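Breakdown of the fold
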Amino acid sequence: MKNPKAVSSDSRTTALGTDKIRKDFPIFSQNIHGKPLVYFDNAATTQKPRAVIDALLFYYQTQNANVHRGIHYLSEIATSLYEASRVKIQRFLNARESKEIIFVRGATEGINLVAHSYGRTYLKRGDEIIISGLEHHSNIVPWQILSEQTGAVLRVIPVSDKGELLLEEYERLLSKRTKFVAVGHMSNALGTINPVKKIIQMAHHWNARVLVDGAQAVPHLPVDVQDLDCDFYVFSGHKIYGPTGIGALYGKAGLLEAMPPYQSGGDMISYVTFGKTLYNTLPYKFEAGTPHIEGVIGLGAAIDYVLGLGLDKIETYERELLAYGTKALLSLPGIKIIGTAKEKGCILSFVMDGVHPHDIATILDRQGIAIRAGHHCAMPVMERFGLPATARASLAFYNTRGEIDALIQALKHVREVFKT
Ligand code: PMP
């Protein structure tokens, strides 16, 4: 993490040019409770740039048709836009082939697809699945259900006081019984960035398959699935400035080929009789029914937008903002940051002495500042730190130091309210 002092306090002088970027996001032109919107709930969902909103509007106004079905002009346009987004995501993740990208509703559905299709086919009683103590419920519950159904055993990598995974404990958990490892790339509750490449190498040593939950990582870090050598990688469009209800699952072609369909119906077939159905080839085998066409197109526009800014520049700017925010928060008395990993994305999870996180969030909301308070769909993480909840400010590239300053002022106000 860089020294925040090395950075100018004026966001206009950063390589990213945040003042200009903010104009791309129509939502920032409004006030909330009479105050300029300060949006620090980016880990829950991100705001959408005009380029994404326009792509959705343009699609419905001029290009709308079903995909892969009609032999007419609009259907061909819609199909080519839909497939072009797949190629964008392939390049974005550096997957070998576009057929390795499956459109799903989001990270949750991607994980469920793998747990159901791969898990139920290849796991059996006595096999072991390893997850980590930092997981979002989406990367816990599907594996629990799979364990109940197959008799496989769920093991959990423990977490240090800083919020880092204990790799020596992971090493101890791995054995020839380990058949699957599912781990988050970046924790939504604490911001920890896990050493996934190492985790994958260690799992592969035992011939176990690995799924990486990239829901929080892809908006902030460049991801290369070939370099990571993960077997599966999932993310959600709405966390990377795209629409809700769309996301992607990357899977190695050989594995996806060897997996049965997750859902069935139109588009996932090549031939149907009452006696037998032949399934379609990849990726269509896993895309039953009319897909979220405008979502796919909007996601493609979001990825173009992010790549236009440059993920390396985004990463640098957000690191600086995190360092600035961390220092500012720690300057307040009675505040404790939960999650102090060395490798950390732009999430500030914190507690304030004597004040419930929900009260903090409610008071901040009246100042136009949106943060999250609660267990962040990661109850085991809260339990690990002996807390019912934290307050969480999750940052994005359109946030500024000025907004962090506003947060700090508002937190001082919270302290005043609870003094009386
Ligand atoms: N994993 C992580 C780490 C997340 O932060 C989230 C969303 N908060 C999910 C999975 C689930 O994403 P979605 O609800 O978009 O499917």
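Keep in mind that this is a model prediction, so the values were computed, not measured.

Cut-offs applied
- Residues numbered from 1 in each chain as written.
- Predicted model: local features only at pLDDT ≥ 70, side-chain atom pairs only at ≥ 80, totals over all residues.
- Heavy atoms only, no water.
- Helix = DSSP H or I, 4+ residues; strand = E, 2+ residues; numbered from the N terminus.
- Rg over C-alpha atoms; globule rule 2.2 N^0.38 Å.
- Buried < 20%, exposed > 50% of the residue type's maximum accessible area, 1.4 Å probe, protein only.
- Areas by Shrake-Rupley, 256 points an atom, 1.4 Å probe, with all protein chains shown as cover.
- Near = heavy atom within 4 Å.
- Polar contact = N/O pair within 3.5 Å; in protein donor to acceptor, adjacent residues only side chain to side chain.
- Nonpolar A, V, L, I, M, F, W, Y, C, P; charged D, E, K, R; others polar.
- Domains from an automatic or database assignment.
- Contact = heavy atoms within 4.5 Å.
- Buried area = accessible area lost by both parts, 1.4 Å probe.
- Salt bridge = Lys/Arg side-chain N within 4 Å of Asp/Glu carboxyl O.
- Core = buried A, V, L, I, M, F, W, Y, C linked by side-chain atoms within 4.5 Å.
- Pairing = 2+ DSSP bridges.
- Axes fitted to C-alpha atoms, helices over the stretch in contact; angles between N-to-C directions.
- Phe/Tyr/Trp six-rings, centres within 6.5 Å; stacked < 30°, edge-to-face > 60°.
- Lys NZ or Arg CZ within 6 Å of the ring centre and 35° of its normal.
- Right-handed = clockwise from strand over helix to strand, strands pointing away.

1. Description of the overall build of the protein
Helix and strand content of the protein: 14 helices and 17 strands. The globule rule puts the C-alpha radius of gyration for 420 residues at 22 Å, and the 22 Å found for the protein is close to it. Overall, the protein is about 75 × 55 × 35 Å in size when its C-alpha atoms are taken along their principal axes. Counting every position in the protein, which comprises 420 residues, the buried fraction comes to 56%. Surface exposure of the protein reaches about 17,800 Å², of which carbon and sulfur atoms provide 54%.

2. Thoughts on unusual backbone geometry
L282 connects to P283 through a cis peptide bond whose omega is 0 degrees. As for its placement among the helices and strands, P283 is situated in the loop between β12 (277–279) and α10 (293–309). Despite not being glycine, N207 shows a phi value in the positive range, around 70 degrees. Residue position: N207 is located in the loop between α7 (196–205) and β8 (209–213). One non-glycine residue, D267, lies in positive phi territory at about 75 degrees. Within the secondary structure, D267 sits in the loop between α9 (253–257) and β11 (269–272).

3. What to know about the site of the ligand
Near the ligand the following residues occur: G106, A107, T108, H136, S138, N188, D213, A215, Q216, S236, H238 and K239. The separation between an oxygen atom of the ligand and a polar side-chain atom of S236 is 2.7 Å. A distance of 2.7 Å separates an oxygen atom of the ligand from a polar atom in the side chain of H238. Here the residues of the shell around the ligand sort into 2 nonpolar, 8 polar and 2 charged.

4. Side note on the domain arrangement of the protein
Looking at the assigned domains, one finds that the protein contains domain 1 (4–32 + 310–418) and domain 2 (53–308). Once you take the C-alpha centre of each, domain 1 and domain 2 turn out to be 28 Å apart. Across the contact, 35 residues belong to domain 1 and 33 residues belong to domain 2. Of the roughly 2,600 Å² buried at the junction of domain 1 and domain 2 (both faces included), carbon and sulfur atoms supply 60%. Put simply, domain 1 and domain 2 have 1 salt bridge between them. Linking D161 and R384 is a salt bridge whose minimum nitrogen-to-oxygen distance equals 2.6 Å. Between domain 1 and domain 2 we count 18 residue pairs in polar contact (both at pLDDT 80 or more) in total. Listing elements by their share of the side of domain 1 that touches domain 2, those giving two or more residues are α11 (311–330), β14 (347–352) and α13 (379–384). Element by element, the count of residues in the side of domain 1 that touches domain 2 is highest for α13, at 5 residues.

5. Considering the nonpolar core
Residues L93, Y170, Y233, I360, I371, F397 and L411 are the most contacted members of the largest nonpolar core, which totals 109 residues. Here this core takes 10 residues from α10, the largest share from any one element. Among the domains, domain 1 (4–32 + 310–418) and domain 2 (53–308) are the pair contributing at least three residues each to this core. Non-local contacts of Y233, meaning those with residues more than four positions away in its chain, are made with H185, V212, G214, A217, V218, V223, V225, L228, A248, L249 and Y250. Membership of the second largest hydrophobic core comes to 27 residues, among which are V104, A107, I140 and F180.

6. Points about the sheet that holds β14
The strand order across the open sheet formed by 4 strands is β13-β14-β17-β16, and the pairing between neighbours is antiparallel. Two strands in the sheet have a free side with no partner beyond their single neighbour: β13 (335–337) and β16 (372–374). Within this sheet the neighbouring strands show an average axis-to-axis angle of 30 degrees, counted without direction. As defined by bridge partners, β14 adjoins strand β17 (residues 390–394) across 4 bridges and the pair is classed as antiparallel.

7. Comments concerning the packing of aromatic side chains
Applying the stated criterion across every chain, the model contains 18 aromatic pairs. Taking the centre distance of 5.7 Å and the plane angle of 85 degrees together, the rings of F25 and Y305 count as edge-to-face. Here the residue F25 occupies a position in the loop between α1 (18–22) and β1 (31–32), and Y305 occupies one in helix α10, the gap between them amounting to 280 residues. The residues F25 and Y305 share a single accessibility class, namely buried. Among the aromatic residues, those joined into a cluster by ring pairs are F25, F28, Y241, Y305, F397 and Y398. It is R22 that lies over the ring of F28; its NZ or CZ is 4.4 Å from the centre.

8. Some points on the pairing of strand β6 (residues 153–157)
Pairing of strand β5 (residues 128–132) with β6, which is carried by 5 bridges, proceeds in the parallel orientation. Residue I130 lies in a different strand from β6, and its bridge partner there is R155. Regarding the hand of the β-α-β motif, the stretch spanning β5, helix α5 (residues 141–150) and β6 is right-handed.

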